[in-house]
Amino acid sequence: MDQNQLKQAVAQAAVDYTLKRIEDDSIVGIGTGSTANCFIDLIAKHRHRFQGTVASSEASAERLRSHGIPVFELNAVAEVHIYIDGADEANPQLELIKGGGAALTREKIVTAVANEFVCIADESKWVDYLGTFPLPVEVIPMARSHVARELVKLGGDPVWRENVVTDNGNLILDVHHLYPMGSACELEEKINQITGVVTNGLFAIKPADILFLATQQGIVTHTAISQG
């Protein structure tokens with residue numbers, strides 16, 4: 001299977017799992033990116049099975065609405081029952097790097113609210129150690145240079161992702177040369193403590209609860225429990 005077929009397969013696995021976990025009044029959190037888009041397209045025919053969704057980006061919200069799926073503001077819902085999203089990298093501890101689509105802050109907010117975070121990815125995203133994929137950091141525009149200097153002190157090589165503005169009106173610095181990453185939780189905390197940082201794309205303090213990984217041999221399921 002090519003990468004697109006792998007994404008379709010893992011998205012279908014997530015749809016099957018989601019339908020077992022939700023009820024008529026459930027709110028489903030939807031992430032951002034190509035794999036999340038596959039999930040949106042596949043869950044659309046089951047839109048009568050849940051109340052609606054919360055989206056982590058304007059792009060995902062628009063795609064959901066195009067399928068006739070209700071999209072609610074997060075502040076308007078009492079609970080997000082399950083959150084489905086992709087990743088740019090995932091390790092055996094289910095720690096992730098996310099933010100290739102510049103939606104990391106809203107993704108992290110929905111993750112924090114959701115009862116369960118299900119990550120879906122193809123085998124190219126599976127790594128032993130995080131950091132080959134440049135780590136996205138969302139920053140307040142006036143703090144871009146300051147944050148970049150502080151990231152250099154942490155051993156990174158930050159590059160401004162020019163011509164990209166997040167849905168929150170901020171900028172993205174992509175931090176290179178962090179591989180092999182040591183403690184992802186520690187680095188996540190250190191970066192978030194830099195004045196001017198909104199958040200960074202490490203999902204380590206709160207990793208995924210379950211990961212569906214599409215491989216040439218089929219869907220492999222990784223859970224936090226199975227990682228010990």
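Predicted, not measured: the structure shown is a model, and the values here were computed from it. (Residues numbered from 1 in each chain as written. Predicted model: local features only at pLDDT ≥ 70, side-chain atom pairs only at ≥ 80, totals over all residues. Heavy atoms only, no water.)

Novice: Just checking my understanding: could you explain the pairing of strand β6 (residues 117-122) for this structure?
Specialist: Successive side chains on a regular strand alternate, one facing one side of the sheet and the next facing the other. The element β6 is extensively covered by neighbouring structure, given that six of its six residues are classed as buried. Here β6 shows no split at all, with Phe117, Cys119 and Ala121 on one side and Val118, Ile120 and Asp122 on the other all buried. With five bridges connecting them, β6 and strand β12 (residues 210-215) associate as parallel partners. Bridge pairing in β12 links cysteine 119 to leucine 211. (Buried < 20%, exposed > 50% of the residue type's maximum accessible area, 1.4 Å probe, protein only. Helix = DSSP H or I, 4+ residues; strand = E, 2+ residues; numbered from the N terminus. Pairing = 2+ DSSP bridges.)

Novice: Sorry if this is basic, but what is going on with a nonpolar patch on the surface here?
Specialist: Nonpolar side chains collect at one region of the surface, where Ile140, Met142 and Val198 lie side by side and expose about 300 Å² of accessible area between them. In this structure, valine 198 sits in strand β10 (residues 197-200). (Patch = residues over 30% accessible without salt bridge, like charges linked within 9 Å, V, L, I, M, F, W, Y side chains within 5 Å. Areas by Shrake-Rupley, 256 points an atom, 1.4 Å probe, with all protein chains shown as cover. Salt bridge = Lys/Arg side-chain N within 4 Å of Asp/Glu carboxyl O.)

Novice: Would you explain the sheet that holds strand β9 (residues 171-176) in this entry?
Specialist: Strand order across the open sheet formed by four strands is β8-β9-β7-β10, with antiparallel pairing between neighbours. This sheet does not close on itself; its edge strands, each paired only once, are β8 (157-160) and β10. Looking at each pair of strands side by side, their axes are set apart by 30° on average, direction ignored. Pairing analysis gives four bridges linking β8 to β9, with the strands arranged antiparallel. If you follow proline 158 over to β9, its bridge partner there is valine 175. Sitting on the sheet, helix α4 (residues 104-113) touches β7 (135-139), β9 and β10, and the angle it makes with β10 is about 70°. (Axes fitted to C-alpha atoms, helices over the stretch in contact; angles between N-to-C directions. Contact = heavy atoms within 4.5 Å.)

Novice: It is not clear to me how the packing of aromatic side chains should be interpreted in this structure. Could you clarify?
Specialist: When we look at a pair of aromatic rings, we describe it by the centre distance and by the angle of the planes. Scanning all chains against the criterion turns up three aromatic pairs. Counting every residue linked through ring pairs, the aromatic cluster contains Tyr83, Phe117 and Phe203. Note that arginine 144 overlies the ring of tryptophan 160, its terminal NZ or CZ placed 3.9 Å from the centroid. (Phe/Tyr/Trp six-rings, centres within 6.5 Å; stacked < 30°, edge-to-face > 60°. Lys NZ or Arg CZ within 6 Å of the ring centre and 35° of its normal.)

Novice: Explain the sheet that holds strand β4 (residues 89-90) to me, please; I cannot follow it from the model alone.
Specialist: What holds strands together in a sheet is hydrogen bonding between their backbones, with the strands either parallel or antiparallel. Strand order in this open sheet of three strands is β4-β5-β11, and the pairing throughout is antiparallel. The open sheet is flanked by β4 and β11 (202-203), the only strands paired with a single partner. Summarising the sheet, β4 and strand β5 (residues 96-97) pair through two bridges and their orientation is antiparallel. Directly across from glutamate 89, in β5, lies its bridge partner isoleucine 97.

Novice: I keep staring at the nonpolar core and nothing clicks. Help me out?
Specialist: The tendency in soluble globular proteins is for nonpolar side chains to be buried as a group. Phe39, Ile43, Ile82, Ile84, Val118, Ile120 and Phe212 are the most contacted members of the largest nonpolar core, which has 28 residues in total. Put simply, the parts of the chain that give this core at least two residues each are α1 (3-21), β1 (27-30), α2 (34-43), α3 (58-66), β3 (82-85), β6 and β12. No other element matches α1, which puts seven residues into this core. The residues touching isoleucine 82, leaving out its near neighbours within four places in the chain, are Tyr17, Thr18, Arg21, Ile22, Ile27, Val28, Gly29, Glu116 and Val118. Ranked by size, the runner-up nonpolar core spans 22 residues in total, among them Leu135, Val147, Met181 and Ile191. (Core = buried A, V, L, I, M, F, W, Y, C linked by side-chain atoms within 4.5 Å.)

Novice: Would you explain the side chain of threonine 111 in this entry?
Specialist: Residue placement: threonine 111 occurs in helix α4. Discounting residues that sit within four places of it in the chain, threonine 111 has contacts with Tyr83, Phe117, Phe203 and Lys206.

Novice: What am I meant to see in the packing of α1 against α2 here?
Specialist: Packed helix pairs are characterised by how far apart their axes lie and by the angle those axes make with each other. At a minimum axis separation of 8 Å, α1 and α2 run at an interaxial angle of 55°. Taken together, the axes of α1 and α2 are oblique relative to one another. Of the two elements, α1 crosses α2, and the hand of that crossing is right-handed. Side by side, α1 and α2 meet where Lys7, Gln8, Val10, Ala11, Gln12, Ala14, Val15, Thr18 and Leu19 of the first sit next to Ser34, Thr35, Cys38, Phe39, Leu42 and Ile43 of the second. Residues that form the contact of α1 with α2 fall into these classes: nine nonpolar, five polar and one charged. (Parallel < 35°, antiparallel > 145°, perpendicular 65-115°, else oblique. Left-handed = near helix turned anticlockwise from the far one by under 90°. Nonpolar A, V, L, I, M, F, W, Y, C, P; charged D, E, K, R; others polar.)

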